[in-house]
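Close look at the chain arrangement
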Amino acid sequence: VQLQACGGGLVQAGGSLRLSCAASGRTFSSYAMGWFRQAPGKEREFVAAISWSGGSTYYADSVKGRFTISRDNAKNTVYLQMNSLKPEDTAVYYCAAVRGNWYEGAPLYDYWGQGTQVTVSS
């Protein structure tokens, strides 16, 4: 599975962005998908995950109520809608795929996209 993330950019605090992650391959629906982020000087952290069917989602406490993860298996794409953005959301955002169940732990994911920069100005 190859993943291509896009949709990042510069936005003012309180604004919104939608990230997309397009996957190659015919088995996309077999994979749970996750979004992670990494700010300069910090470790990569879990943001959100969605089950292979899209029926279950999970969020880090820091983004709960502001971010929404979704997927379209017909388009082999997973999305991250980010609302009410804060300067502390500034990071490179990565999408990742893992066969079967989703996890919070980054090392458990099998495939990674290249990352897309999100910068939130105050």
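This section reports on the structure supplied with the text. (Residues numbered from 1 in each chain as written. Predicted model: local features only at pLDDT ≥ 70, side-chain atom pairs only at ≥ 80, totals over all residues. Heavy atoms only, no water.)

**Comments concerning the state of the cysteines**
Rules: Any cysteine sulfur atom paired with another within 2.5 Å is treated as part of a disulfide. Each helix corresponds to a stretch of at least 4 residues labelled H or I by DSSP, and each strand to a stretch of at least 2 residues labelled E; elements are numbered beginning at the N terminus. Accessible area is worked out with a 1.4 Å probe on protein chains only. A residue is then buried under 20% of its type maximum, exposed over 50%, and partly exposed in between.
Evaluation of the coordinates by the stated rule reveals one disulfide. Paired by a disulfide, C21 and C95 hold their sulfur atoms 2.1 Å apart. The chirality of the disulfide connecting C21 with C95 is right-handed, given an S-S dihedral of about 65°. Here C21 is found in strand β3 (residues 17–23), whereas its partner C95 is found in strand β9 (residues 91–99), with 74 residues between them in sequence. The buried category is assigned to C95, whose relative accessible area is 0%. In this structure C6 is a free cysteine whose sulfur lies 8.4 Å from that of C21, the closest cysteine sulfur available.

**Observations regarding unusual backbone geometry**
Positive phi values are uncommon outside glycine, yet N76 reaches one of about 55°. Examined against the element boundaries, N76 turns out to sit in the loop between β7 (67–72) and β8 (77–82). Residue classification places N76 among the buried positions, given a relative accessible area of 18%. Even without a glycine there, the phi angle at S84 is positive, about 50°. In this fold, S84 is placed in the loop between β8 and β9. A relative accessible area of 41% places S84 in the partly exposed class.

**Comments concerning the pairing of β9**
How we decide: For two strands to be treated as a pair, DSSP must find no fewer than two bridges joining them.
Most of β9 sits inside the fold, with seven of its nine residues counted as buried. Strand direction decides the pairing type here: strand β4 (residues 31–38) and β9, joined by eight bridges, are antiparallel. From the neighbouring strand, R37 faces β9, where its bridge partner is Y93. Across three bridges, the pairing between β9 and strand β11 (residues 116–121) is antiparallel. Opposite Y93, over in β11, you have T116 as the bridge partner. In this sheet, strand β10 (residues 111–112) lies alongside β9 in antiparallel orientation, the contact comprising two bridges. Counterpart to A97 in the pairing with β10 is Y111.

**Some details on the sheet that holds β7**
Stated formally: Helix axes are fitted to C-alpha atoms over the stretch in contact, other axes to C-alpha atoms as well, and angles between N-to-C directions run from 0 to 180 degrees.
Ordered in space as β1-β3-β8-β7, the four strands form an open sheet in which the pairing is antiparallel. Strands with a single pairing partner mark the edges of an open sheet, and in this sheet they are β1 (3–6) and β7. Put simply, the sheet's adjacent strands are angled 15° from each other on average, direction ignored. Relative to β8, β3 is paired through six bridges, and the arrangement is antiparallel.

**A word on the side chain of S20**
Put simply, the rule reads: Residue contacts are counted whenever heavy atoms from the two residues lie within 4.5 Å of one another.
For S20, the location among the structural elements is in strand β3. Setting aside residues up to four positions removed in sequence, S20 forms contacts with Q4, A5, C6, W35, T77, V78 and Y79.

**Considering the pairing of β1**
In β1, alternate side chains face the same way, and those of L3 and A5 are buried while those of Q4 and C6 on the opposite face are not. Bridging between β1 and β3 involves four bridges; their strand directions are antiparallel. Residue pairing across strands places C6 opposite S20, the latter belonging to β3.

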